[in-house]
Amino acid sequence: MMITRLPGYCRAVLACCVLLCGAAAPTTCWSNGASPPAINLHHTSWSARDGAPELILSMTQTSDGWLWLGGPGGLYRYDGVQFEQFAPANTALPTKNVSLVNAVAGGGLWVGYRTGGASFIQQGRVRNYGVRDGLPDRAVWGLEQDGGGRVWAATSQGMFYLERDRWRKPDSAWGVADGRYKTLMRDRHGVLWAQGDAGVFSLRPGGTRFAKAAVDSGPGVLFELPDGNVVSWDALHGRLNLLTGARPNTVYRQWGELGDPGSLLIDRHGDLWVGQLEGLEYRTAQGTALAAPRQGLSGRAVAAIFEDREGDIWTSTSSGIDRFRHRRATRLDIPEAAVGGGLLAADDGGVWIGGYHVAASGTGQVTARPLWTQTGGVWDNLLTSLARTSDGAIWGAGYGNLRRIQGKDSRLVDLPAATGGVRVQALLADREDSVLVALFQQGLYRHGPRGQWQKIGDEGEVNVMASSDAAGLWIGYHPGLLVHAQGAAQRRYGPADGLMLGTVMALHLHGRHVWAGGERGVALFGEDRFDRLTGVDGETFDGISGIVELANGDLWLNAFSGLFRVAGAEVAAFERQRDHRVRYERLDQLDGLEGSAPYLNPTPSLVLASDARLWVARSTGVFLLDPAEPLPPTPRLPVVVKTLGPPGDSQALRQPARFAPGRSALQIDYTVPALAMPERLRFRYRLQEVDAAWQQAGARRSAYYSNLAPGDYHFSVAATDYNGQWSDAVTTVEFSIAPLATQTWWFKALCVFGLLSAAYLVYRWRIARLGRQMAVRLQERINERERIARELHDTLLQSVQALVLHVHAALMKLPARDAARLQIETALRQADEVLDEGRERIRDLRGEDAGKPSFADAVLAAAARLRHGDAEPVRLVVSGTVRRLDATIYDEALAILTEALANACKHAGACRIEVQLHYGRRAFRCILSDNGAGIPADVLSDGGRRNHWGMRGMYERAAGIGASLAVRSREGSGTAWQLDVPAALAYTR
């Protein structure tokens, strides 16, 4: 059928198919009318429910790893985990109606629109081109660079090229015809190819004129074959045209009739992908496979096909996006009667499974041949254990039967009569063509070459057996014991010997290595004990029923959670140091391996075929893999920090990132565009100013922080590859949070200053208040003293004066020489002295300072009265500016010092006394120190001697004037008294 119209797609999205070198003969399975099988690749489908865009017309991949998708719904990008609609950082796209996307060197992306115009996107910013820039307002179907870096556009109104940021239509000198063009492609040699209504044209690097191809071709698509040849799909005539010369010694495939394809692609393996209205065809040398909605395709009509740098095939349908990826483990379609059967390697690269010989091609196509004509039910023919003796006979055992097969001769062998036909647990070929048979709960028997049965060893339930010339015979007994038989000697191993695997389900002998696997992992025998293998992350490899060690030392383990590979170097390191934790690789459903390892049967569940391929039995079927095939390479791309901002409202990252005051919670989204197996990637991140160590995020692609203080921050993030190895590339972004006014240093300084000022004002207020209180109290005392002075003057002194006058009047009547007169005169003189002393006391009570000595002189006078005749004079030291003391303070302080002087002279026996008077700005301080005997500790603790009031009086006087009094003394080391009176109370001015 001829195709009259093909939607225009860019070469990166729709490629084509291989050429026809001669008459094409149909070679696919469609030719005989048979329904094609499903595509046997790892298939993942995304629909609108998964966030995938619909009706995508074009796909490409930029150098930073992103998959870009364009269609009527807009421009999208995909990192392997999330589809997101792209919004440029500087301005909007002119329309959502995208016709093509094409990546160019340097990370740029060209976008064409069905309504006309184009855009160039790089580093998140866009430059839009339209009519005012020289492009017509018609659909743009192709955008590509030529070998010289010039950009060309294929439109409905002809070709255009970009020069000095303006699009120009080539003149006749370029040699390119007018008309509609649909496809542009640059091959590996830098030649630019253009296909349109007028035919196919090519422009060599550095050239200034197009050359027209000799073939007659209408609109279609162009593509480059793996060998470098360029082919054109002529949609108008429904044919393929070879545009370059055929390579010598190259056999080109003939794909036959392609029908009415909507898109075409030849992948890197030379296989053909055809997008049809009813699904996707995958054509290989072995035949054709199909993916349609009933096989899990996201929709019916396939619009675009694209191969990424990792070899994944991406297709778009009317309802979503699909990815097809090569499986490391291929699931084999074996007969149902063989499912659950034992595995045994054959000599031709195949295996015996159950009652069948099964072979598989490189693409997983299976051929199965029964070993005998099977009758009865499935359980009658299923062989769960297999062994081959040296004579080439195959022995198989199942549920209550034992069978010997050699060529076309297949016969049942009677089990020992005493066992009652119980189930056979395991088989092992023994010497002289005999076979060891483990019977359920009946122990171990040997079937000799002449058909005789012999009981071997003690009673016990045998799970598994293995033997070799180098290692001897090993037998695993329930519930977790191993017996090693070397000749006539036997040795048992259990938990005390390191065998802590639970039920032993697998034994593997490789040279001198003896591996045992079971419920709780795998262990290696050495130095007469077993040591259990552990992974770097604590993986214990539980539930192992199959073990294979390859010639290169690699160890493969069929475990419950997956198929594990431990490299030979890691095995060697473990052998040298038994506590070494090994690095490993795990294959699971992402590699095409589904289900879990079987428990006990079949035994073993993992075998190495003669062609070095591994056959793996899982709960979902049998799988085949090449152990030499590595994981797909992880793109060596740095982690991309996508968004940074408040949780739930993150914005695209823009450097430098600065946040307004008050922002304390942030969400950071990051990713690595890895399209094959993004689920395998693991991430770790660190905010250097907050995290002391790397934070392990697993597969999570967001980091959350709260309670962040203002300041500058450095966020670093790294990722693993598909093997779990950490990349050396670390992405770091910087951001800052501005402080609130209340978080700035000057505000904090002002707060500290304000607090100090407030504290100082409170202190001054408190002192002033205490001063006023003390002033009131002192004034009350002065008023009281004045009252007492008045009372003394008006009563006592007046009475004494009157008495003196009366006595004097009586004295005048006595004779001058009378002895009584002399006595009375003496009494009168004493009375005058009393009157003078009384007046002095009244003057003191009234606070009259006239004639009062300075405080220092008063202290010296008191010291002179109290010191002994042979004692040294008291040493007085005065510092500061001498100021006048309040009368009350004067008297009370002098009384306290006088009491201290008296104690030093009378009780302490001091011979050296020093008094220091300091007139300070904040306080008046008096310190009296001596070198006497000191004050006993009990006296100090009691505040004075019992029934003695000197020390108590000193403290009372100090408290009465608002002063503090402290004493420092140790028995035999002297005493020091310190009196501090606040300046506000001590001084009168």
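Before reading on, note that the structure itself is shown above.
Residues numbered from 1 in each chain as written. Predicted model: local features only at pLDDT ≥ 70, side-chain atom pairs only at ≥ 80, totals over all residues. Heavy atoms only, no water.

**Here's the deal with the nonpolar core**
So, step 1. Of all hydrophobic cores here, the largest spans 42 residues; its most connected members are Phe855, Leu885, Ile913, Leu917, Phe924, Leu979 and Val981.
So, step 2. Of all the secondary structure elements, the ones that give two or more residues to this core are helix H5 (855-866), helix H6 (887-907), strand E66 (913-919), strand E67 (923-930), helix H8 (950-960), strand E69 (975-982) and helix H9 (983-986).
So, step 3. Here the element with the most residues in this core is H6; it accounts for 10 residues.
So, step 4. With 30 residues, the next largest nonpolar core counts Leu644, Ala657, Tyr685 and Phe715 among its residues. (Core = buried A, V, L, I, M, F, W, Y, C linked by side-chain atoms within 4.5 Å. Buried < 20%, exposed > 50% of the residue type's maximum accessible area, 1.4 Å probe, protein only. Helix = DSSP H or I, 4+ residues; strand = E, 2+ residues; numbered from the N terminus.)

**Observations concerning the packing of H5 against H6**
So, step 1. Running from N to C, H5 and H6 point in directions that differ by 30°, and their axes come no closer than 10 Å. Judged by the angle between their axes, H5 and H6 are roughly parallel. Seen from above, H5 lies across H6 with right-handed handedness. Counted together, Phe855, Ala858, Val859, Ala862, Ala863 and Leu866 of H5 and Tyr890, Ala893, Leu894, Leu897, Thr898, Leu901, Ala902, Cys905 and Lys906 of H6 form the full contact between these two elements.
So, step 2. In terms of residue class, the contact of H5 with H6 is built from 13 nonpolar, one polar and one charged. (Axes fitted to C-alpha atoms, helices over the stretch in contact; angles between N-to-C directions. Parallel < 35°, antiparallel > 145°, perpendicular 65-115°, else oblique. Left-handed = near helix turned anticlockwise from the far one by under 90°. Contact = heavy atoms within 4.5 Å. Nonpolar A, V, L, I, M, F, W, Y, C, P; charged D, E, K, R; others polar.)

**Side note on the side chain of serine 202**
So, step 1. Along the chain, serine 202 falls in strand E16 (residues 199-203).
So, step 2. Taking relative accessible area as the criterion, serine 202 reaches 15% and is therefore assigned buried.
So, step 3. Sequence-distant contacts of serine 202, defined by excluding residues within four places in its chain, comprise Val191, Leu192, Trp193, Arg209, Phe210 and Ala211.

**Brief notes about the sheet that holds strand E47 (residues 521-526)**
So, step 1. The sheet built from four strands is open, its strands ordered E45-E46-E47-E48 with antiparallel pairing. The open sheet is flanked by strand E45 (504-510) and strand E48 (529-532), the only strands paired with a single partner. Adjacent strand axes in the sheet meet at a mean angle of 25° when their direction is disregarded.
So, step 2. Of the strand pairs in this sheet, E47 and E48 are connected by four bridges, and their pairing is antiparallel. Counterpart to phenylalanine 525 in the pairing with E48 is phenylalanine 530. (Pairing = 2+ DSSP bridges.)

**Section: the packing of H6 against H8**
So, step 1. Between H6 and H8, whose axes approach to 10 Å, the crossing angle comes to 160°. It follows that H6 is roughly antiparallel to H8 by the angle criterion. The way H6 lies across H8 gives a crossing that is left-handed. The segment H6 lies against H8, with Glu892, Ala895, Ile896, Glu899, Ala900 and Asn903 engaging Gly950, Met954, Arg957 and Ala958.

**What to know about the pattern of salt bridges**
So, step 1. Throughout the structure, instances matching the rule amount to 35 salt bridges.
So, step 2. Between arginine 701 and aspartate 79 there is a salt bridge whose closest N-O contact spans 3.7 Å. A residue pair is termed long-range when its members are at least 10 positions apart, and arginine 701 in the loop between strand E61 (695-698) and strand E62 (702-705) and aspartate 79 in the loop between strand E4 (74-78) and strand E5 (83-85) qualify at 622 residues.
So, step 3. Ionic pairing is found between arginine 127 and aspartate 133, a salt bridge with its closest N-O pair at 3.5 Å.
So, step 4. Several salt bridges converge on common partners, so that one network encompasses Arg328, Asp554, Arg565 and Glu585. (Salt bridge = Lys/Arg side-chain N within 4 Å of Asp/Glu carboxyl O.)

**Examining the pairing of strand E3 (residues 67-71)**
So, step 1. For E3, the tally of buried residues reaches five of five residues, placing the bulk of the element in the interior.
So, step 2. Sheet topology places strand E2 (residues 58-61) next to E3; four bridges connect them, and they run antiparallel. Counterpart to serine 58 in the pairing with E3 is glycine 70.
So, step 3. Joining the antiparallel neighbours E2 and E3 is a turn of five residues, in which glycine 65 adopts a positive phi near 100°.
So, step 4. Pairing of E3 with E4, which is carried by five bridges, proceeds in the antiparallel orientation. Within E4, the position partnered with tryptophan 68 by the bridge is arginine 77.

**With respect to H5**
So, step 1. Relative to the 16 Å expected for 12 residues at 1.5 Å per residue, H5 spans 17 Å between its end C-alpha atoms, a close match to the ideal helical length.
So, step 2. When we look at burial in H5, the residues that qualify are Phe855, Ala856, Ala858, Val859, Ala862 and Ala863. Along H5, the residues classed as buried sweep out an arc of 165° about the axis, all on the same side. (Expected span 1.5 Å × (residues − 1). Arc of directions from axis to C-beta.)

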